[in-house]
Amino acid sequence: MSGTGQLVELLGEKLVNAEREEVDVQSLGPRVSLVGLLFGCGISAPCLQLLPGLNDFYCKTRDRLEIVFISSDPDHKKWQLFLKDMPWLALPYQEKHRKLRLWNKFRISNIPSLIFIEASTGKTVCRNGLLLIRDDPEGLEFPWGPKPFCEVILGPLTRNDGQSQESSTLEGSYVGVYFSANWCPPCRSLTRVLVESYRKIKESGQKFEIVLVSADRSEESFKQYFSEMPWLAVPYSDEARRARLNRLYGIQGIPNFIILDPKGEVITRQGRVEVLHDVDCKDFPWHPKPVVELTELNAVQLNEGPCLVLFVDSEDDGESEAAKQLIQPIAEKIIAQYKAKNEDAPLLFFVAGETVSTLQNGKPEDDMTDSLRDFTNLPEAAPLLTILDMSARAKYVMDVEEITPEIVEGFVNDFLAEKLKPEPI
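Every chain is numbered on its own, with residues counted from 1 as its sequence reads. Where local features are concerned, this predicted model is filtered to residues with pLDDT of at least 70; where side-chain atom pairs are given and counted, the filter is 80 or more; whole-chain, interface and lining totals use all residues. By convention in this description, side-chain values take in all heavy atoms of the structure and omit both hydrogens and water.

J.: How would you sum up the side chain of Gln270? Please name residues and give values.
T.: By the criteria applied, helices consist of DSSP H or I runs no shorter than four residues and strands consist of E runs no shorter than two, each listed in order from the N terminus. For Gln270, the position within the fold is in the loop between β14 (266–268) and α11 (271–277). If sequence neighbours within four positions are ignored, Gln270 has contacts with Phe257, Gln301 and Glu304. Contacts were defined at the residue level, with two residues in contact if any of their heavy atoms lie within 4.5 Å.

So this is what it looks like as structure tokens:
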């Protein structure tokens, strides 16, 4: 499919400008090299605050860049008022279904978010465009083509004893890029576990290194925190390199632990979940599994886009494993189809049985699977085949006595073809 075709598939045939005049999406491809997808809302203070700076940037680059506003405004009048202050284009307000598809495709979890894609191919250039504009306000590095890890990390790295070594020593090793800070309690908790994981992996003979990319607010805080760590760090004084690594991986929150293969390609962005879930590091380097069992640790992924969840009888020890084996060929097929297009799969795949509760103040928490059923108002039936889309607050339910591969594949294909009717969550 051509680049223009990709843009039309993403955005539809028509956009609108501030005067609500229609603009052909096909006209963008030949005119600009990048398209920025701005996810925001007129009643959000952070969205309002970014407009002046983004407006200045757009005026400097509009001969090469177009921005498209993807609104989450609750009503049409608020959308119109917000649109008046924008010199760029917008997805028509009535295109609510397409908006949700874009939110899911790019895994938008908060606003404002700015995603840059190539106009010629539709491929993602940067997942955190607001950071990029902050660091390059004049657009001097436009169009910011993706750079390999080895180029972005290039330079000296430091250890907590003050010794330095060149980033080239990472070549041929698995690398964990650890975005963390002393002021962040979840970061400190993860660091304690990660120190043990690092030791176990190194003792197993694997070529593995971790590089800390600090988000601390002072060098003193960085040094105090880093003193607990046996691995490498980007020097705190090298703010530009730290910013480039944040941009490269679209970091929007910490802690974040990304695992790279020896070639510098991403194996998983869910390193935090993997480390906490696999304390013995038996599955290192944690290649993503097509189907995973839903736990409290990975439940956050339910908010990243549509998820197929097969609920099974929690009292049957073998039921979860049998369910995984049933779903896995279908999941692998979908993942491969989208990987061939250099795209993330449009669904994550889970099996949900009984989850292990954690203790809070000496009392066990409610079972996470039961909590999910309650939150989404699902029946207690098992097996129960569902697709949950938290961002759209929508669910799709197939309650049948027996789940077969044919039923799962038909259910998934109908969802992807938008043939299923959603129920509200």
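J.: So, the pattern of salt bridges: which residues are in play, and what are the values?
T.: One side-chain nitrogen of Lys or Arg within 4 Å of one carboxyl oxygen of Asp or Glu is enough to make a salt bridge. Under the definition given, this model contains 19 salt bridges. Residues Asp24 and Lys14 are paired through a salt bridge, measuring 2.3 Å at the closest nitrogen-oxygen approach. In this pair, Asp24 sits in strand β2 (residues 22–24) while Lys14 sits in strand β1 (residues 14–16), placing the two residues 10 residues apart along the sequence.

J.: Quick rundown of the packing of aromatic side chains? Include the residues and the values.
T.: Stacked, edge-to-face and tilted labels apply to pairs of Phe, Tyr and Trp rings (six-membered ring for Trp) whose centres lie within 6.5 Å, assigned for plane angles under 30 degrees, over 60, and everything in between, in that order. Under the defined criterion, the tally for this structure stands at 15 aromatic pairs. Ring geometry for Tyr198 and Phe208: centres 6.1 Å apart, planes at 50°, overall tilted. Of this pair, Tyr198 sits in helix α8 (residues 185–203) while Phe208 is found in strand β11 (residues 208–214), placing the two residues 10 residues apart along the sequence. Partly exposed describes any residue whose relative accessible area lies between the buried limit of under 20% and the exposed limit of over 50%, with all areas from a 1.4 Å probe on protein chains only and scaled to the type maximum. Note on Tyr198: relative accessible area 7%, which makes it buried.

J.: Lay out the sheet that holds strand β21 (residues 394–398) in plain terms, naming residues and giving numbers.
T.: Each pair of strands is called paired provided DSSP finds at least two bridges between the two strands. Taken in spatial order, the six strands line up as β15-β17-β16-β20-β21-β22 in an open sheet, and their pairing is mixed. Each of the sheet's edge strands pairs with one partner strand only, and the pair in question is β15 (291–293) and β22 (423–424). Here three bridges tie β15 to strand β17 (residues 348–352), and the two strands are oriented parallel to one another. Residue pairing across strands places Val291 opposite Phe349, the latter belonging to β17. Packing of helix α14 (residues 405–416) onto the sheet brings it into contact with β16 (307–311), β17, β20 (384–389) and β21, and relative to β20 it is tilted by some 20°. To get an axis, a line is fitted to the C-alpha atoms, and for a helix only the part in contact is used. The angle between two axes follows their N-to-C directions and goes from 0 to 180 degrees.

J.: Tell me about the environment of Phe226, and name the residues and values.
T.: Within the secondary structure, Phe226 is located in helix α9 (residues 219–226). Residues in contact with Phe226, not counting those within four places in the same chain, are Thr158, Arg159, Asn160, Leu212, Trp231, Leu232 and Ala233.

J.: So what about unusual backbone geometry? Which residues, and what values?
T.: Along the chain, Ile254 connects to Pro255 via a cis peptide bond; the corresponding omega equals 0°. Topologically, Pro255 is positioned in the loop between α10 (239–248) and β13 (256–260). Of note, the bond from Ala382 into Pro383 is cis; its omega dihedral lies within 30 degrees of zero at 5°. The topology assignment puts Pro383 in the loop between α13 (368–376) and β20. The residue Arg107 is not glycine, and still its phi comes out positive at about 55°. Within the fold, Arg107 resides in the loop between α5 (96–105) and β6 (113–118).

J.: Before we move on, could you go through α8 and cite the residues and values that matter?
T.: By definition here, a helix of n residues has an expected span of 1.5 Å times n minus one. Here α8 contains 19 residues, and its C-alpha end-to-end distance of 28 Å stays within 8% of the 27 Å for a straight helix at 1.5 Å per residue. For α8, the set of buried residues is Cys187, Leu190, Thr191, Leu194, Ser197, Tyr198 and Ile201. Of the residues flanking the end of α8, it is Gly205, one or two places downstream, whose phi is positive at about 95°.

J.: Which residues make up the pairing of β16, and what values do they have?
T.: For β16, a buried count of five out of five residues is recorded, marking the element as mostly surrounded by other parts of the structure. Of the two faces of β16, the one holding Cys307, Val309 and Phe311 and the one holding Leu308 and Leu310 are both buried throughout. Pairing analysis gives five bridges linking β16 to β17, with the strands arranged parallel. Of the residues in β17, the one forming a bridge with Phe311 is Ala352.

J.: Residue-level account of the confidence of the model for the chain, with values.
T.: Every residue is assigned a pLDDT by the predictor, reflecting its confidence on a scale from 0 to 100. Chain-level statistics for the chain give a pLDDT mean of 89 and a share of 95% at 70 or above. Confidence drops under a pLDDT of 50 for residues 356–366, and excluding neighbours within four residues, the segment shows 14 contacts in the predicted structure.

J.: Quick rundown of the nonpolar core? Include the residues and the values.
T.: Taken as a class, soluble globular proteins show a tendency for nonpolar side chains to be buried jointly. Put simply, buried Ala, Val, Leu, Ile, Met, Phe, Trp, Tyr and Cys residues joined by side-chain atoms within 4.5 Å make one nonpolar core. Counting residues in hydrophobic clusters, the biggest one holds 27 residues, and the most contacted among them are Leu54, Phe69, Trp88, Phe116 and Trp144. Mapped onto this core, the elements with two or more residues apiece are β3 (34–40), α3 (45–61), β4 (65–71), α4 (76–83), β6, β7 (124–126) and α6 (129–135). Examining the composition of this core, we find that six residues originate from one element, α3, more than from any other. The contact partners of Trp88, leaving out residues within four places of it in the chain, are Asn17, Ala18, Leu38, Leu51, Leu54, Asn55, Tyr58, Glu66, Ile67 and Phe69.

J.: So, the environment of Pro290: which residues are in play, and what are the values?
T.: Within the secondary structure, Pro290 is located in the loop between α11 and β15. Note: C-alpha distance between Pro290 and Gln163 (127 residues apart in sequence) is 41 Å. Contact partners of Pro290, with chain neighbours within four places excluded, come to Gln328, Ala331, Glu332, Ile335 and Phe349.

J.: Let's hear about the packing of helix α12 (residues 319–339) against α14: which residues, and what values?
T.: Between α12 and α14, whose axes approach to 9 Å, the crossing angle comes to 30°. The chirality of how α12 crosses α14 is right-handed. When α12 is examined against α14, the residues Leu326, Ile330, Lys333, Ile334 and Tyr338 are found in contact with a partner set consisting of Pro405, Val408, Glu409, Val412 and Leu416. Residue composition of the contact of α12 with α14, by class: eight nonpolar, no polar and two charged. Handedness of a crossing follows from how the near helix is turned relative to the far one, being left-handed for an anticlockwise turn of less than a right angle and right-handed for a clockwise one. Throughout this entry, Asp, Glu, Lys and Arg are counted as charged residues, while Ala, Val, Leu, Ile, Met, Phe, Trp, Tyr, Cys and Pro are counted as nonpolar. The remaining residues, Gly among them, count as polar.

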